[in-house]
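This is what each chain is made of:
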Amino acid sequence: MSTDTTPTPGLAGSDFASDSHSAAGLREAGRDYLNRLRGGDMGALPATLGLLALVIGFAIASDTFLTELNIANLITQAGAICVLAMGLVFVLLLGDIDLSAGFAGATSATVAALLIRDQGQPWPVAVLAGIATGAVIGFALGMLVAKLGIPSFVVTLAFFLGLQGALLRMIGQGGSVRVDNEFIRGISIDNMPVGAGWAFAGGVVAAFAILSLLRHRRQVRQNLQHLPLSVVWFKIIGLAVPVLGLAAVLNTNRSRNPNFPIEGIPWVLPLVGFLLIFWTYVLTRTAFGRHLYAVGGNREAARRAGINVDRIRVSAFMICSSMAAISGIIAASNAGKVSASSGGSNTLLYAVGAAVIGGTSLFGGKGKARDAVIGGLVIATIANGLGLLDQPSYINFVVTGSVLLLAAAVDAVSRRRRSAAGVG
Amino acid sequence: MTGTPLLELKNVNKIFGAVHVLHDVNFAVHPGQVTALVGDNGAGKSTLVKTVAGIYAADSGEQWFDGQQVNITSPKEASELGIEVVYQDLALCDNLDIVENMFLGRELKKGPLLDESTMEERARETLASLSVRTVKSVRQGVASLSGGQRQTVAIAKAVLWNSKVVLLDEPTAALGVAQTRQVLDLVRRLADQGLGVVLISHNMNDVFEVADRITALYLGRVAADVATKDVTHGQVVELITAGRSGNLGLAPAAAL
Ligand SMILES: Nc1ncnc2c1ncn2[C@@H]1O[C@H](COP(=O)(O)OP(=O)(O)OP(=O)(O)O)[C@@H](O)[C@H]1O
Ligand SMILES: [Mg+2]
């Protein structure tokens with residue numbers, strides 16, 4: 001039998017006529033966005049709204065919450081969580097978990113602190129050695145998970161205990177190592193000069209605006225899929241307002257003592273900003289990042305596409321533990337010491353919570369570096385706000401636990417809706 | 001049969017634990033020809049394809065490509081040789097969009113960064129040539145596509161590269177009339193361009209329309225390797241269901 005009577009459909013580019021240009025305008029883009037929300041693709045929206053609600057709530061409940069001093073405090077408190085969460089995003093993207101990241105960070109920070117205190121090493125050597133310690137831990141985790149095939153939950157639980165032991169061995173029960181190196185301490189307690197702070201904030205906004213607009217122009221010129229120009233501007237303003245607003249607040253004198261002004265952006269903020277930009281580029285603009293998403297989305301498909309799945313998994317664990325090391329050093333900088341209990345208690349759950357609250361899925365395949373920062377701010381705001389309200393610490397645990405559960409529930413429900421709506 | 005085959009398997013065996021899935025399989029793909037690989041469910045067709053693709057390692061036997069003995073142990077090696085596969089289960093990443101899926105593992109780059117513009121353009125061209133009229137955007141996530149659209153994306157992914165051998169495992173299973181037409185035309189076109197094409201299908205009309213040769217698998221054994229013009233529908237169906245047909249096919253002992 002022959003079906004040749006069916007006319008061959010034309011092969012014209014007109015098949016994609018509706019594709020080569022974008023949604024016609026802001027209104028249509030808005031409708032697309034609403035549809036995506038309904039389909040369960042919530043992005044950063046729940047966390048951003050939650051953050052706003054928390055800020056408004058605490059501002060009403062406490063006179064001190066919105067003071068410049070407290071905002072600066074909040075930023076320094078959030079730094080370590082955000083960085084740890086950013087590392088965890090990589091492991092979560094693959095559908096794995098790293099329960100040992102908190103202690104990996106503390107162990108690495110201890111290595112750095114001891115190198116300075118006992119060996120008299122300069123801080124760059126100590127910091128690099130700390131990060132290298134993290135990388136080695138991550139390599140071991142990754143090899144055990146990828147090559148031996150032990151579930152990451154079990155491997156990292158074992159390391160959670162083992163590293164706690166290593167920490168005790170290095171520091172001693174109840175002991176601590178002082179961190180008084182000026183540079184490391186400075187990450188948390190020193191501020192950028194006001195002028196440099198403005199230049200930094202302005203530079204970030206200008207760079208983002210220029211890159212977005214250039215990209216948009218290139219896409220239009222080459223007839224590629226692109227967003228309406230109004231949406232591009234919307235995004236630029238969406239970045240500019242919080243960045244410049246925060247710069248303005250932090251560049252205001254926040255000292256209670258008129259003779260000793262404290263002003264400027266704490267150094268931890270540009271550090272987190274740099275890491276955020278760097279990892280965002282890696283995730284969205286490099287083949288390595290693309291492969292991370294692929295392995296998280298469909299491991300077998302990734303393997304058949306010729307991707308070295310084991311290498312990707314090991315790298316993800318190495319990135320996670322190295323970021324944990326940086327986070328541990330930031331935490332040590334903030335506390336002025338590392339102790340045998342550093343990296344314990346709720347450190348890890350805060351970071352996992354931050355990533356999930358920000359929109360990273362526990363099921364793998366979905367997440368952004370940005371999620372860690374937004375979610376980290378939510379967690380830090382809860383801790384900071386409840387602290388100001390003089391709530392007993394059990395409230396803090398209960399509230400943070402509930403928020404984590406809520407975020408995980410949102411993740412699970414939106415995943416269900418995504419698969420119902422067929423959106424990846 | 002003329003000239004050296006582009007791809008040839010000699011006495012290939014594949015055993016999964018206790019299941020002997022491929023028995024001394026000899027299989028040849030010639031340039032410029034469409035070879036149909038037919039057989040009942042579970043005959044071992046997909047396993048054969050995955051062995052060629054480097055997903056499974058054969059337990060014994062030889063693989064020859066372009067007149068040289070090769071040992072394909074990974075999907076990367078297969079694609080480097082110029083072997084492309086459209087898998088029965090499609091193997092797409094639901095969390096990536098069409099362009100990202102089509103270039104997965106072989107992304108185009110500008111320096112260290114991805115060259116999204118070129119990838120998007122080439123993906124659009126290739127898809128347009130397959131007439132995927134219903135896809136709204138090449139930047140759509142593949143999770144939101146219909147079964148047929150997904151299949152077309154998987155096929156587009158395979159024809160994107162300058163390959164020498166293309167194996168399609170039931171590529172028209174989920175397609176409508178017009179899309180099936182497109183794919184069969186494409187299969188013929190690829191062979192006419194000099195590629196070796198393997199088409200797995202349960203649809204005898206499709207097989208007889210485009211195939212030059214037919215290889216029938218029966219319970220993991222090659223029952224027959226014949227030129228399409230030498231056999232009838234009925235004979236092929238018998239080869240598939242019973243392993244033999246008249247003087248064609250497996251010896252009675254093996255067939256039972
Ligand atoms: N990974 C595996 N492990 C164990 N057995 C397997 C595996 N893959 C396939 N098999 C077995 O090998 C046999 C052949 O399977 P295969 O998928 O190759 O069949 P097929 O000819 O492609 O069938 P269909 O027409 O249904 O696609 C079946 O009996 C199947 O159960
Ligand atoms: Mg099959």
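Heads up: the structure comes first, above all this text.
Residues numbered from 1 in each chain as written. Chains lettered and ligands numbered in written order. Predicted model: local features only at pLDDT ≥ 70, side-chain atom pairs only at ≥ 80, totals over all residues. Heavy atoms only, no water.

**Brief notes about the packing of helix α3 (residues 68-93) of chain A against helix α10 (residues 268-285) of chain A**
Helix-helix packing is described using two parameters, namely the angle between the two axes and the distance between the axes.
Residue and element names in this part refer to chain A.
In step 1: The interhelical angle for the contact between α3 and α10, taken along N-to-C directions, is 15°, at an axis separation of 9 Å. Classified by the angle their axes make, α3 and α10 are roughly parallel. Considering the relative orientation of α3 and α10, their crossing is left-handed. Contacts between α3 and α10 involve Ile75, Thr76, Gly79, Cys82, Val83, Met86, Phe90 and Leu93 from the first element and Val268, Leu269, Val272, Leu275, Leu276, Trp279 and Leu283 from the second.
In step 2: When its residues are assigned to classes, the contact of α3 with α10 shows 13 nonpolar, two polar and no charged. (Axes fitted to C-alpha atoms, helices over the stretch in contact; angles between N-to-C directions. Helix = DSSP H or I, 4+ residues; strand = E, 2+ residues; numbered from the N terminus. Parallel < 35°, antiparallel > 145°, perpendicular 65-115°, else oblique. Left-handed = near helix turned anticlockwise from the far one by under 90°. Contact = heavy atoms within 4.5 Å. Nonpolar A, V, L, I, M, F, W, Y, C, P; charged D, E, K, R; others polar.)

**A closer look at the site of ligand 1**
All names here are of chain B.
In step 1: In the vicinity of ligand 1 lie 14 residues, with Asn41, Gly42, Lys45, Ser46 and Thr47 positioned nearest.
In step 2: Residue threonine 47 places a side-chain N or O atom 2.6 Å away from an oxygen atom belonging to ligand 1.
In step 3: One of the side-chain N or O atoms of histidine 202 is found 3.0 Å from an oxygen atom in ligand 1.
In step 4: Considered on its own, ligand 1 offers 640 Å² of accessible surface; in the complex 63% of this is hidden by protein.
In step 5: A per-element tally of the shell around ligand 1 places helix α1 (residues 45-52) first, with three residues.
In step 6: Here the residues of the shell around ligand 1 are counted per class, giving four nonpolar, seven polar and three charged. (Near = heavy atom within 4 Å. Polar contact = N/O pair within 3.5 Å; in protein donor to acceptor, adjacent residues only side chain to side chain. Areas by Shrake-Rupley, 256 points an atom, 1.4 Å probe, with all protein chains shown as cover.)

**Thoughts on helix α5 (residues 147-159) of chain B**
All names here are of chain B.
In step 1: Along its 13 residues, α5 runs 19 Å from first to last C-alpha, staying within 8% of the 18 Å computed at 1.5 Å per residue.
In step 2: Among the 13 residues of α5, 11 are classified as buried, and the element is accordingly described as predominantly covered.
In step 3: Residues of α5 that are buried: Gly148, Gln149, Arg150, Gln151, Thr152, Val153, Ala154, Ile155, Ala156, Lys157 and Ala158. (Expected span 1.5 Å × (residues − 1). Buried < 20%, exposed > 50% of the residue type's maximum accessible area, 1.4 Å probe, protein only.)

**Let's talk about the coordination of the magnesium ion (ligand 2)**
Residue and element names in this part refer to chain B.
In step 1: Bound to the magnesium ion (ligand 2) on the protein side are Ser46 (OG) and Gln88 (OE1), at distances that span 1.9 to 2.1 Å. Of the two residues, serine 46 sits in helix α1 while glutamine 88 sits in the loop between β6 (83-86) and α3 (98-102), which places them 42 residues apart along the sequence.
In step 2: Looking at glutamine 88, the relative accessible area reads 41%, which means it is partly exposed. (Donors = N, O, S within 2.8 Å, 3.2 Å for Na, K, Ca; no water.)

**Describing the sheet that holds strand β10 (residues 196-200) of chain B**
Residue and element names in this part refer to chain B.
In step 1: An order of β6-β9-β10-β3-β11-β12 is seen for the six strands of this open sheet, with the pairing classed as mixed. Each end of this open sheet is capped by a strand with a single partner; those strands are β6 and β12 (221-227). Ignoring which end each strand starts from, the neighbouring axes of this sheet average 15° apart.
In step 2: Where β6 lies against strand β9 (residues 165-169), four bridges are found, and the strand directions are parallel. Counted as the bridge partner of valine 85 is leucine 167 from β9.
In step 3: Sheet strands touched by α1: β3 (34-39), β6, β9, β10 and β11 (213-218). Its angle to β3, the strand with the most contacts, is close to 135°. (Pairing = 2+ DSSP bridges.)

**Thoughts on the pattern of salt bridges**
In step 1: Taken as a whole and judged by the stated rule, the model has 24 salt bridges over all chains.
In step 2: Arginine 181 of chain B is the partner of glutamate 209 of chain B in a salt bridge, and the nearest nitrogen-oxygen pair spans 2.6 Å. Placement of glutamate 209 of chain B in helix α7 (residues 204-210) and of arginine 181 of chain B in helix α6 (residues 177-192) is noted, with a sequence separation of 28 residues between them.
In step 3: Judged by its relative accessible area of 5%, arginine 181 of chain B is buried.
In step 4: Here the salt bridges share partners, and the residues they tie into one network are Arg290 of chain A together with Asp97, Glu100, Glu116, Glu120, Arg124 and Arg139 of chain B. (Salt bridge = Lys/Arg side-chain N within 4 Å of Asp/Glu carboxyl O.)

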